[in-house]
Number of protein chains: 2
Amino acid sequence: MGKNNAKISNAVIKRLPRYRRYLIELKKKGVEKISSKEFSSLIGYTASQIRQDLNNFGGFGQQGYGYSVDGLYKEISAILGLDKEYRMVIVGAGNLGQAIAKYTHFHKQGFKVCAAFDINPNLIGKDLDGIEILDYENIVEYVEEEEIDIGIICVNRDNAQEVADKLSFAGVKGIWNFAPTDIEVPTHVALEVVHLSDSLHSLAYHMNDIQKKEVAQDKHREEENLRD
Amino acid sequence: MGKNNAKISNAVIKRLPRYRRYLIELKKKGVEKISSKEFSSLIGYTASQIRQDLNNFGGFGQQGYGYSVDGLYKEISAILGLDKEYRMVIVGAGNLGQAIAKYTHFHKQGFKVCAAFDINPNLIGKDLDGIEILDYENIVEYVEEEEIDIGIICVNRDNAQEVADKLSFAGVKGIWNFAPTDIEVPTHVALEVVHLSDSLHSLAYHMNDIQKKEVAQDKHREEENLRD
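Reading the values: the criteria
- Residues numbered from 1 in each chain as written.
- Chains lettered and ligands numbered in written order.
- Predicted model: local features only at pLDDT ≥ 70, side-chain atom pairs only at ≥ 80, totals over all residues.
- Heavy atoms only, no water.
- Pairing = 2+ DSSP bridges.
- Helix = DSSP H or I, 4+ residues; strand = E, 2+ residues; numbered from the N terminus.
- Contact = heavy atoms within 4.5 Å.
- Axes fitted to C-alpha atoms, helices over the stretch in contact; angles between N-to-C directions.
- Buried area = accessible area lost by both parts, 1.4 Å probe.
- Salt bridge = Lys/Arg side-chain N within 4 Å of Asp/Glu carboxyl O.
- Polar contact = N/O pair within 3.5 Å; in protein donor to acceptor, adjacent residues only side chain to side chain.
- Nonpolar A, V, L, I, M, F, W, Y, C, P; charged D, E, K, R; others polar.
- UniProt positions renumbered as here; feature names shortened; annotations may be inferred.
- Buried < 20%, exposed > 50% of the residue type's maximum accessible area, 1.4 Å probe, protein only.

So, on to the sheet that holds strand β5 (residues 127-128) of chain B. Residues and elements named next belong to chain B. Strand order in the open sheet made by the 7 strands is β5-β6-β4-β3-β7-β8-β9, with mixed pairing throughout. This sheet does not close on itself; its edge strands, each paired only once, are β5 and β9 (190-193). As defined by bridge partners, β5 adjoins strand β6 (residues 131-135) across 2 bridges and the pair is classed as antiparallel. Bridge pairing in β6 places aspartate 127 opposite glutamate 132. Contacts from helix α8 (residues 160-170) reach β3 (86-91), β7 (150-153) and β8 (174-177) within the one sheet, and its direction differs from that of β7 by about 170°.

Next comes the structure, spelled out in structure tokens:
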């Protein structure tokens, strides 16, 4: 599987989950094969981009036939490592941590939340739809004994690095950071970040940008009308 | 403010919220000015990248002085449109929608959740820390009357496009989509997407990639040892 995974750019990796989502939709509709051109009109990347992306992993397409939807789905799933199960813990059982604990969508995809951790005595011992909130003091033992793969950080900015250090020390292979700050992890730990505030700020920028352009257009139109 | 905003690349825009976060930290520490070199060692971009990014907006830096932390903070905030207040509604008051409704972090930054909407009669009428869940049937009226700027989509995949259409029709200027699917919006509406599943799948990929490299290194080391 794959020719030379070491050189695949992050941009390609980021597109793979999206390919996979569209393949799931195609499978649901009973579509068995698809050309890069058909795939292009669906997903919005150019056909040549699609061929180039998938070539990174050895191709899969057959000349004159296109891609097997199920075959490609399985290959991309394997490349992403989605043919396995992952055991996760959440650190920080506030609103966001609780929402992620209860978000069953991940569980269906093989990502199981085993427990949540907090330092707040009012939260410790509580149950979130079957997921217990445990004392953060015991997290290292728990991660080791339960062979946890992923730690999800939902604490506030100031505690995020300390939690990341502890999770890395305890042996997680990946950290999913929701805290609104940048953290550092050892090279043997993978890091993926969801910066909700940054995303909201980008949205604000684009809203204002659209409005500025509209104002400029209106002004231009008025000037044209005056000239007539 | 700004020279020619029309041409600024999305990559630069995406970095601005991050610059702003670091400037907030510097302000907290009482730092008043910073050179692009110092900023570089802090944020991890090269000094030339920083100068190039900030030049997009007209510079702000003074030769031999560096950047004024507070000045730069204010300028970036204004560029991002964070000197205003935004009124938001959440559509879909399930776990994720509820978490976002309760996430006070956004409110502090000028993004106010005014109401949540759902079709589930068991949820309608409930109160989420002061935010009422209303009947989705009335969303167009509400958005118009309450002058809502942003609609946050937290419904499932199958209903996301319909919700986006309704929000756009009602007059929101921006949509923040959390539904695990791609949606289309009119050109006068800004769209920002948070694909949690895609992010988790990227994490899985990177975890497996690190592991593959470790296995390859171990094998290499074993072969070296055999040769000795």
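Moving on: the interface of chain B and chain A. Size of an interface, as often reported, equals the accessible area lost when the parts are brought together. Facing 68 residues of chain B, the contacting portion of chain A comprises 69 residues. Approximately 6,000 Å² of surface area, both sides summed, lies buried where chain B meets chain A, with 60% of it carried by carbon and sulfur atoms. At the boundary of chain B with chain A, the tally comes to 8 salt bridges. Taken together, the connections running from chain B to chain A amount to 24 residue pairs in polar contact (both at pLDDT 80 or more). Among the secondary structure elements, those contributing two or more residues to the side of chain B that touches chain A are α1 (10-28), α4 (69-80), β3, α5 (95-102), α6 (104-108), β8, β9 and α9 (196-227) of chain B. With 19 residues, α9 of chain B is the largest single contributor of residues to the side of chain B that touches chain A. A breakdown of the residues in the side of chain B that touches chain A according to their chemical character gives 33 nonpolar, 18 polar and 17 charged.

Here the focus is the UniProt feature "binding site: NAD(+)" (unreviewed entry) in chain A. Per the UniProt record, "binding site: NAD(+)" (unreviewed entry) is annotated on Gly92, Ala93, Gly94, Asn95, Leu96 and Gly97 of chain A. For leucine 96 of chain A, the location among the structural elements is in helix α5 (residues 95-102). On the accessibility criterion, leucine 96 of chain A (9% relative accessible area) is buried. If we ignore the near neighbours within four places in the chain, the residues touching leucine 96 of chain A are Cys154, Phe178 and Leu196 of chain A together with Ala99 of chain B.

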